[in-house]
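# Structural features, examined
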Amino acid sequence: MPTDIDRWLDFEGLDNVRDVGGLPLRDGGATRSGVLLRSASLRHATADDVDKLVKAFGLKLVLDLRRPFEIERDGPTPVANAGVETVPLTFIGERGEVFPEAGDDLDPLVSIYRGYLADMPQNVVTAVRRLAAEDAGPTLVHCAAGKDRTGTLVALVLDAVGVERDAIIADYVLSGEKIEAMFRRWTSVSGDPMPTNLDAHKPRAGVIAAVLKHLDEEHGGAAGWLLANGLTQEELDRLRKRLTP
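Residues numbered from 1 in each chain as written. Predicted model: local features only at pLDDT ≥ 70, side-chain atom pairs only at ≥ 80, totals over all residues. Heavy atoms only, no water.

Turning to unusual backbone geometry, a few remarks are in order. Phi at Asn16 takes a positive value of approximately 55 degrees, unusual for a residue other than glycine. Topologically, Asn16 is positioned in the loop between α1 (4-7) and β1 (18-19). Using a relative accessible area of 2% as the deciding quantity, one classes Asn16 as buried. (Helix = DSSP H or I, 4+ residues; strand = E, 2+ residues; numbered from the N terminus. Buried < 20%, exposed > 50% of the residue type's maximum accessible area, 1.4 Å probe, protein only.)

Moving on, we come to the environment of Leu42. Structurally, Leu42 can be placed in the loop between β2 (36-39) and α2 (47-56). Residue classification places Leu42 among the buried residues on the basis of a relative accessible area of 0%. Once the C-alpha coordinates of Leu42 and Gly221 are considered, the two residues, 179 residues apart in sequence, prove to be 31 Å apart. Setting aside its immediate chain neighbours within four residues, Leu42 contacts Leu14, Val62, Thr77, Pro78, Val79, Leu140 and His142. (Contact = heavy atoms within 4.5 Å.)

Orientation of helix α5 (residues 108-119) relative to helix α6 (residues 121-132), taken along the N-to-C sense of each, is 90 degrees, at an axis distance of 5 Å. One finds that α5 runs roughly perpendicular with respect to α6. Packed against α5, whose contacting residues are Tyr116, Leu117, Ala118 and Asp119, the element α6 presents Pro121, Gln122 and Val124 at the interface. (Axes fitted to C-alpha atoms, helices over the stretch in contact; angles between N-to-C directions. Parallel < 35°, antiparallel > 145°, perpendicular 65-115°, else oblique.)

Turning next to helix α7 (residues 149-161). Relative to the 18 Å expected for 13 residues at 1.5 Å per residue, α7 spans 19 Å between its end C-alpha atoms, a close match to the ideal helical length. When you tally the buried positions in α7, you get 13 out of 13 residues, the bulk of the element. Phi turns positive one or two residues past the end of α7, at Gly162, with a value near 100 degrees. (Expected span 1.5 Å × (residues − 1).)

See the structure below:
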């Protein structure tokens, strides 16, 4: 199985880019490489970045999980301008509500992530459905930083195809290694000062573990949640076929 560093992909204008291939499955084997990438926003992609994604990776589809105002503010990404199909699927509704049952002992991010599933289940399922399509081809999913909305979707997909729980959590936390680089890029563009402490922005293992535990308790796992919200068994089987040996 590849090490974490093997999964990072280097680009000039893109951050937090990695392949979800090589993750261990509960029943043995590992997820396929070259099927699904996850990343931060594509807005700063250079011509060489686009060329690498399209020609080397064979990118056919982008799932953009940002809110409509983010997409409108930033304009079409260079990848979309190059002709790669880009599907906007916001995970945050107009009200932007988080899950209402957050208590004092619950990390606020758990509430936010569960809010994605409660507020926009149709878009979450559509994202998985597009990944599972027979003609999907190599796909990239991103939001702004590639750690919260993207992290939730990827964790859901990985659990649904049978990736070991510890590996799902480790993949989620891995985005923390790129937080400083992302903030340096953002502040250099905006002119804002660099924050002195970035700890609050780093993914916390307990957050995604709590979300997955909730799905276990309420639906028997991510696959059960997806099936309960409109994904068909045939689509789930195709997703597993795409991402696993």
